Amino acid sequence: MTHLSLAEINGYLRQLGEGALITLELFLTSFALAFVMGVFIALATLSRGRIVTAAWRIYASIFMGVPSLLVIFLVYYGGSAMLIGLFGAWGRSIDVSPFGAGVAALSIVYAAYIAELVRGAIDNLPKGQFEAARALALPRGVLWGKVILPQAMRLALPGLVNVWSFMLKETPLVSLAGLQDLVASAKIAAGATKEPFIFFIATALLFIAFSGLTLKLAMRLEKRLDRGQNRDEAPASEVAA
Amino acid sequence: MTGLPIDLTLARDSLPALLVGLRTTVFVVALSLLFGLALAFPICFARMSKLRFPALMAETFVVFFRGAPVLILLYLVYYGFGQIDALRNGPLWILFGSAWGCAIVALSLNHAAYMTEILRGSLLAVPRGIVEASEALGVSQRNIFLHVKMPLAIRYGLKAYQNEVVSFIKGTAVVSVVTITDLAAVANGIFEETYDPFTPILCAAALYWAFVNLVRIGFDLWGRWLDRHKMDRERAPVPVLQNVPTRGRLLRQIGRVRGRVL
Amino acid sequence: MSALTSMPPAPLAVPADVAIALTGVEKRYGTHRALAGIDLAVGRGERIVICGPSGSGKSTLIRCINGLERHDGGRIVVNGIELTSEDGTVQDVRQEVGMVFQHFNLFPHLNALENCMLAPRLNRGLSRAQAETLAMKHLERVHLADHVRKYPGRLSGGQQQRVAIARALCMEPRILLFDEPTSALDPEWSTRCSASWRNWRRAV
């Protein structure tokens, strides 16, 4: 590091910081989108006809069986053509950026995993929950929003945490489509300064620290949700009220 | 929509090149799975050791190589180790001097870190009483490991191992960044020549899909063969690691073990 | 105590007709004294039952005799071999002592025959055929000849226990320890099993 001036170090650090923000933005946007899509797919495909289930199976099999990198390339290279195909001339005006392609690809892929988790969780809820809600004549929206989904999310939480940390580790792939994210900035800095160890290890540690931190939060959330569940279970006589 | 976005002529013409790429991918996968697994055993023993220093070292290894994205590991090994002058003249240069060596090292370390945790979880799932019964029969520790602990651990950890192998295969698509022309790299090359955004990528995706599902079927058959004794579910030992996404309690345990996705 | 451990232990004079000899055996878990100065001598051919409320240390005592638990004080001599902190002695003792566990602890991935063959093959280096002959002999003795290819998961509790007994007998031990052998069985089975032990004792 001796041959680097303070100003240079500052410059690289700023670049890394900007890259880190882009990575974070990409990751959070993709995860949020994947989550919404996943829950929606789960609800849309649960206990439906054979055609819907088959379509879901194909979707899941494709995106769980293909590298995310290829999906990113496909959306990035073919995105414009797909948009034109879908929306005609209006699609031509939309520019496919690496960021947009990354968000689209990652959320499509991980929506499949999240949908699988949520479906499993809903399947696993006691059937009595549905019957009790029906006996109380709860409207469909309340049944799903207030009764089924909150419980299903608790069951799916460990799996979601899993998806979260795995997806985080795949966001750097978007840099291969040209996104100037954390990893791309680290690569530039490593090449220019001839200090690959410092920059790559620092980048790796940033990823590890972020996922470790969020994992702790998730565990705390898990505990909080469990506490709530135990309190609900205790006064069994209050169910009528 | 103008029908299929796939140019069938191009698909047919590029198939031989794609198959060569697939062969490279299979090589990369096979070698890293082998070395990764071989490495996972000593690291797992260190991780489970009662001595504090080896256990801490092994844990650090797992946290780093599991927590870091594969892309960064590849960069780190490829660009990083090439910088060390001491390595240039040493015997290890055969490994770190070539793109292949670097790719295999980086991927093996990543796989080893995951396998260490899977192995540990599976070994810990072996009921204490079964081990005691073997001890009471006077079986040596080495034989207990080989004939009792490992056969059971394989059964408990098989599903997690399958998931890890499947996502590992998909993860190897990044090795092109260190100039290895695997399946993804070949597809990318055809795109750059033809500017057909769909045909090469979709063909490569189909080949990956087939590879992954072949592996999955292989694991399923293996699992079914191992489970031939488990006809009565009630008395079978609790398969802690078994991945049954529809069972909430198990799902939670899988979450604890934190393998790759699912 | 320190005097005892620092000196090379003098061979304990145990009469040849005593199979198990315990003198002043201690076992502590933290501050809890599970065994406090146990003296016991079991003669050859003798059958004894140790009774007591749960938590009184019955299991601990049995587990100390074949070295599953290390005793903290006193001396244990089994078949003339003293259990010391050296690993070798524990292995030697275990060759002479068979044990049937409360929950049987059969190997779930091996069938009844293979459960019985494992230890003779690994410890005594018997060939597959020799081990199979030996295992069949003991499985027939506990009336399980028809079930030898079944996996533990397919056997009833009583059958599992008899496999566990056969498995222990296959090492041809001179001492057999039972840890609460009937508590995992329903009453009907436990009556039947006690009967079968009596028969077995007669057959030896």
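Quick caveat: nothing in here was measured; it's all calculated off a predicted structure.

S.K.: Is there a simple way to think about the overall build of chain C in this case?
M.R.: Helix and strand counts for chain C come out as seven helices and six strands. Buried positions account for 48% of the 204 residues belonging to chain C. Counted over contacts in chain C with a minimum sequence separation of 6, partners at least 24 positions apart contribute 63%. Only carbon and sulfur atoms are counted for the fraction: they give 52% of the accessible area of chain C, which is about 10200 Å².

S.K.: What is the right way to look at the nonpolar core in this model?
M.R.: Soluble globular proteins tend to pack their nonpolar side chains together in the buried interior. Counting residues in hydrophobic clusters, the biggest one holds 139 residues, and the most contacted among them are Leu70, Tyr110, Ile122 and Ile148 of chain A together with Leu18, Phe61 and Leu74 of chain B. Among the elements that make up this core, the one with the highest residue count is helix H5 (residues 98-124) of chain A (15 residues).

S.K.: Hey, could you run me through the environment of Ala111 of chain A in this one?
M.R.: Residue and element names in this part refer to chain A. For Ala111, the position within the fold is in helix H5. On the basis of relative accessibility, which here comes to 0%, the residue Ala111 falls in the buried class. In this structure the C-alpha to C-alpha distance between Ala111 and Arg227, which are 116 residues apart in sequence, comes to 29 Å. Every residue in contact with Ala111, bar those within four places of it in the chain, is listed here: Ala34, Met37, Gly38, Ile41 and Tyr59.

S.K.: How do you make sense of the packing of aromatic side chains when you look at a structure like this?
M.R.: What describes a pair of aromatic rings is the distance from one ring centre to the other and the angle between the planes of the rings. Here the structure, examined in full by the defined rule, presents 26 aromatic pairs over all chains. When the centroid spacing of 5.5 Å and the interplanar angle of 80° are considered together, the rings of Phe197 of chain A and Phe81 of chain B count as edge-to-face. Of this pair, Phe197 of chain A sits in helix H9 (residues 196-233) while Phe81 of chain B sits in the loop between helix H3 (70-80) and helix H4 (85-89), on two different chains. Ring centres 5.1 Å apart and planes at 75° place the aromatic pair Tyr78 of chain B and Tyr79 of chain B in the edge-to-face group. Assessed through its relative accessible area of 30%, Tyr79 of chain B is described here as partly exposed. Over the face of the ring belonging to Tyr114 of chain B we find Arg66 of chain B, whose NZ or CZ atom lies 5.6 Å from the ring centre. Note that Arg167 of chain C overlies the ring of Phe107 of chain C, its terminal NZ or CZ placed 4.7 Å from the centroid.

S.K.: Whenever I open this one, unusual backbone geometry confuses me. Can you help?
M.R.: Of all residues except glycine, most have a negative phi; of all peptide bonds, most are trans. Phi at Tyr195 of chain B is positive, roughly 55°, even though this residue is not glycine. In this fold, Tyr195 of chain B is placed in the loop between helix H9 (183-194) and helix H10 (199-226). On the accessibility criterion, Tyr195 of chain B (62% relative accessible area) is exposed. With a phi angle near 70°, Phe104 of chain C is a residue other than glycine that sits in the positive phi range. By the secondary structure assignment, Phe104 of chain C is in the loop between strand E5 (97-100) and helix H4 (112-124). Relative accessible area serves as the criterion here: at 5%, Phe104 of chain C is assigned to the buried category.

S.K.: What's the story with the interface of chain B and chain A in this structure? I'm lost.
M.R.: One frequently used descriptor of interface size is the decrease in accessible area upon assembly of the parts. Taken together, the contact between chain B and chain A spans 49 residues of the former and 49 residues of the latter. Around 4400 Å² of area is buried between chain B and chain A when both sides are counted, 74% of it from carbon and sulfur atoms. In this structure, the connection of chain B to chain A is made through zero salt bridges. For the side of chain B that touches chain A, the element with the most residues is H10 of chain B, which contributes eight residues. Residue classes in the side of chain B that touches chain A are distributed as 32 nonpolar, nine polar and eight charged.

S.K.: Would you take a moment to explain the side chain of Glu26 of chain C for this structure?
M.R.: All names here are of chain C. Residue position: Glu26 is located in strand E1 (residues 18-29). Residue classification places Glu26 among the buried positions, given a relative accessible area of 15%. Beyond its immediate sequence surroundings of up to four residues, Glu26 is in contact with Arg33, Leu35, Ala36, Gly37, His71, Asp72 and Gly73.

S.K.: For this particular structure, what's the right way to read the sheet that holds E1 of chain C?
M.R.: Pairing between the strands of a sheet comes from backbone hydrogen bonds, and it takes one of two forms, parallel or antiparallel. All names here are of chain C. The four strands lie next to each other as E2-E1-E3-E4, forming an open sheet whose pairing is antiparallel. One side of each edge strand has no neighbouring strand; the edge strands of this open sheet are strand E2 (32-43) and strand E4 (81-82). Pairing of E1 with E2 involves eight bridges; the strand directions are antiparallel. From the neighbouring strand, Ala21 faces E2, where its bridge partner is Ala41. Helix-sheet contacts for helix H2 (residues 58-65) involve E1, E2 and strand E3 (73-78), and the interaxial angle to E1 is about 120°.

S.K.: How should I be thinking about the interface of chain B and chain C in this particular structure?
M.R.: At the junction of the two partners, chain B supplies 23 residues and chain C supplies 27 residues. When chain B packs against chain C, the two sides together hide about 2200 Å² of surface, and 64% of this comes from carbon and sulfur. Where chain B meets chain C, there are one salt bridge. When the shortest N-O distance is used, the salt bridge between Glu132 of chain B and Arg63 of chain C registers 2.5 Å. Taken together, the connections running from chain B to chain C amount to eight residue pairs in polar contact (both at pLDDT 80 or more). Counting residues per element, the ones that place at least two in the side of chain B that touches chain C are helix H7 (128-136) and helix H8 (141-171) of chain B. At seven residues, the largest contribution of residues to the side of chain B that touches chain C is made by H7 of chain B. In the side of chain B that touches chain C, the residues fall into ten nonpolar, seven polar and six charged.

Conventions we followed
Residues numbered from 1 in each chain as written. Chains lettered and ligands numbered in written order. Predicted model: local features only at pLDDT ≥ 70, side-chain atom pairs only at ≥ 80, totals over all residues. Heavy atoms only, no water. Helix = DSSP H or I, 4+ residues; strand = E, 2+ residues; numbered from the N terminus. Buried < 20%, exposed > 50% of the residue type's maximum accessible area, 1.4 Å probe, protein only. Contact = heavy atoms within 4.5 Å. Areas by Shrake-Rupley, 256 points an atom, 1.4 Å probe, with all protein chains shown as cover. Core = buried A, V, L, I, M, F, W, Y, C linked by side-chain atoms within 4.5 Å. Phe/Tyr/Trp six-rings, centres within 6.5 Å; stacked < 30°, edge-to-face > 60°. Lys NZ or Arg CZ within 6 Å of the ring centre and 35° of its normal. Buried area = accessible area lost by both parts, 1.4 Å probe. Salt bridge = Lys/Arg side-chain N within 4 Å of Asp/Glu carboxyl O. Nonpolar A, V, L, I, M, F, W, Y, C, P; charged D, E, K, R; others polar. Pairing = 2+ DSSP bridges. Axes fitted to C-alpha atoms, helices over the stretch in contact; angles between N-to-C directions. Polar contact = N/O pair within 3.5 Å; in protein donor to acceptor, adjacent residues only side chain to side chain.

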